[in-house]
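The chain contents come next:
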Amino acid sequence: MPSFKIDVSTAVVFVATAPEPKVKNFATGERALNAEGKAMSTMGLLVSDEGEGNLLKVTIPENGYPEGLAPGMPVQVHGLKARDWENVIKGEKRSGISFSAVAVTPLGA
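What you are looking at is a predicted structure, and each value in this text was computed from that prediction instead of being measured. (Residues numbered from 1 in each chain as written. Predicted model: local features only at pLDDT ≥ 70, side-chain atom pairs only at ≥ 80, totals over all residues. Heavy atoms only, no water.)

A. Region of the structure containing unusual backbone geometry. Positive phi outside glycine occurs at Glu50, with the angle close to 55 degrees. Mapped onto the elements, Glu50 comes out in the loop between strand 5 (40-49) and strand 6 (52-61). One non-glycine residue, Lys90, lies in the positive phi region at around 55 degrees. Residue position: Lys90 is located in the loop between strand 8 (81-89) and strand 9 (92-100). (Helix = DSSP H or I, 4+ residues; strand = E, 2+ residues; numbered from the N terminus.)

B. Structural view of the pattern of salt bridges. In this structure the tally under the stated criterion is three salt bridges. Ionic pairing is found between Glu62 and Arg31, a salt bridge with its closest N-O pair at 3.0 Å. Taken as a pair, Glu62 in the loop between strand 6 and strand 7 (74-78) and Arg31 in strand 4 (residues 30-31) lie far apart in primary sequence, 31 residues in all. With a relative accessible area of 26%, Arg31 lands in the partly exposed category. (Salt bridge = Lys/Arg side-chain N within 4 Å of Asp/Glu carboxyl O. Buried < 20%, exposed > 50% of the residue type's maximum accessible area, 1.4 Å probe, protein only.)

C. Structural context of the side chain of Ser41. With respect to the helices, strands and loops of the structure, Ser41 is situated in strand 5. Residue classification places Ser41 among the buried residues on the basis of a relative accessible area of 1%. Looking at Ser41, its side chain comes within polar contact range of the side chain of Tyr65, at 3.0 Å. (Polar contact = N/O pair within 3.5 Å; in protein donor to acceptor, adjacent residues only side chain to side chain.)

D. Structural view of the confidence of the model for the chain. Averaged over all residues, the pLDDT of the chain is 93; the fraction at 70 or higher stands at 98%. Put simply, strand 3 (residues 23-25) is where the chain has its lowest mean pLDDT, 89, and strand 7 is where it has its highest, 97. (pLDDT = per-residue confidence, 0-100.)

E. Representation of the sheet that holds strand 8 within the structure. Spatially, the eight strands line up as an open sheet ordered 1-8-9-6-5-2-7-10, and their pairing is mixed. With partners counted over all chains shown, the strands left at the sheet margins are strand 1 (3-5) and strand 10 (103-106), one partner each. Taking the axes of each pair of neighbouring strands and ignoring which way they run, one obtains an average angle of 40 degrees across the sheet. Note that strand 7 and strand 10 share four bridges and pair antiparallel. Following the sheet pairing, Val77 is matched in strand 10 by Val104. (Pairing = 2+ DSSP bridges. Axes fitted to C-alpha atoms, helices over the stretch in contact; angles between N-to-C directions.)

F. Highlighting the pairing of strand 9. Across two bridges, strand 6 lies against strand 9 in parallel orientation. In the sheet register, Thr59 faces strand 9, and the bridge partner there is Ser100. Bridge analysis of strand 8 against strand 9 gives nine bridges, and the strand direction is antiparallel. Bridged to Arg83 within strand 9 is Ser98. Hairpin connection between strand 8 and strand 9: a loop of two residues separates the two successive antiparallel strands, and Lys90 in this loop has a positive phi of roughly 55 degrees.

Below is the structure:
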C-alpha cells in the first residue's frame with residue numbers, strides 16, 4: 001500500500017510516551033523488524049499545528065532516536081509518513097492508519 005509524507009515543519013511536537021520495543025508476536029515476544037532488519041520501536045507523539053493537536057503512535061527504527069527521550073520533551077520528527085492498513089483479525093475486519101518516521105531527535109539537536 002502507498003504511504004504519504006506528512007509535513008510537520010510548522011508543527012510543535014512533543015514526546016507523549018517514551019519509546020518502547022515494537023513486538024511482532026506477543027506469544028513469543030518476537031521483535032518487529034523493518035525491511036533492513038533493524039529492530040523497531042513505537043512512541044507516542046503529540047503534534048500540534050494550526051490550533052489542532054493530535055496524538056500519534058509512531059513506529060521508528062531503534063537506531064532512529066537517542067536514549068533519554070521522555071514525555072514532555074519537544075522533538076523534531078524526520079521523515080514522518082502515514083499508511084493505511086486493513087486486516088482480518090479473528091474473523092473481524094479492521095482498518096486504520098499507521099504512522100512511521102525515520103528518526104526523532106530532541107528539538108535543536
